[in-house]
Amino acid sequence: MDKQQPRGSRIASRVHGDPTALDAPAAESAQDRSPERKNRGLGRIIIAVYAVFALSALARSTFQLFTIFHEAPVAITLSMIAAAVYVVATISLARTGVRAWYVAMGAVIVELLGIIVVSVLSYADPQLFPKASVWSHFGQGYGYVPFALPFVGLWWLLTHRPRRGAAS
């Protein structure tokens with residue numbers, strides 16, 4: 001600050017609606033939660049985890065598709081679907097804008113529903129899953145991260161939801 005303000009004048013000017021009274025940390029904090037900032041800080045780590053899962057699920061399911069598809073067609077098909085969901089989630093989380101936020105929200109919800117349905121099926125009818133998929137047994141083969149990831153993704157998206165009237 002260039003000039004010394006009396007104690008409490010900044011607070012008083014905020015109460016009376018002076019927009020210039022915003023201090024830098026508060027302005028940055030509000031800006032960090034905007035949809036344009038969802039791919040910064042912790043958001044980058046979340047995107048990186050989604051990218052790792054997208055690449056690993058895609059690589060594993062593609063390999064299995066060409067080598068052992070006849071042994072576990074349901075599990076491998078579901079792994080391919082999981083890979084596609086992870087790719088869409090990764091790209092939409094990395095992008096800014098309202099449309100990307102909605103696509104990411106849809107992908108994460110599909111991911112959550114997918115892991116719950118596939119996990120229940122993998123316990124109810126194990127013969128469908130002679131080979132594990134990414135989502136079978138709540139992601140046991142991946143340290144249960146596939147089960148936790150959609151909850152983290154939903155939390156992140158809901159705390160970084162777009163404002164009304166924001167452009168896509």
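Use the structure listed above.
Residue numbers here run from 1 along each chain, matching the order of that chain's written sequence. A pLDDT threshold of at least 70 governs which residues receive local features in this predicted model, and a stricter bar of 80 or more applies before side-chain atom pairs are shown or counted, although totals over entire chains, interfaces and linings include all residues. Water and hydrogen atoms play no part in the side-chain values, which are based on all heavy atoms of the structure.

Among the structural elements, Q64 can be located in helix α3 (residues 42–67). Among all residues touching Q64, those that are not within four sequence positions of it are F69 and I76. Helix numbers and strand numbers start at the N terminus; a helix is a DSSP run of H or I with at least 4 residues, a strand a run of E with at least 2. Note on definitions: a residue-residue contact is assigned when non-hydrogen atoms from the two residues lie within 4.5 Å.

In this section: unusual backbone geometry. Non-glycine residue F138 carries a positive phi angle of around 55°. Tracing the chain through its elements places F138 in the loop between α5 (98–124) and α6 (145–159). Only protein chains enter the accessibility calculation, which uses a 1.4 Å probe; a residue whose area is less than 20% of its type maximum is buried, one above 50% is exposed, and one in between is partly exposed. For F138, a relative accessible area of 24% corresponds to the partly exposed category. With a phi close to 65°, Y144 is a non-glycine residue in the positive phi region. Following the sequence through the fold, Y144 ends up in the loop between α5 and α6.

Within the fold, H160 resides in the segment after α6. On the basis of relative accessible area, H160 is assigned to the buried category, the value being 6%. Here a polar contact is recorded for every N or O atom pair within 3.5 Å, except that within protein the pair must consist of a potential hydrogen donor and a potential acceptor, and residues adjacent in sequence are included only if both atoms are side-chain atoms. A distance of 3.0 Å separates the side chain of H160 from the side chain of T159, its partner in a polar contact.

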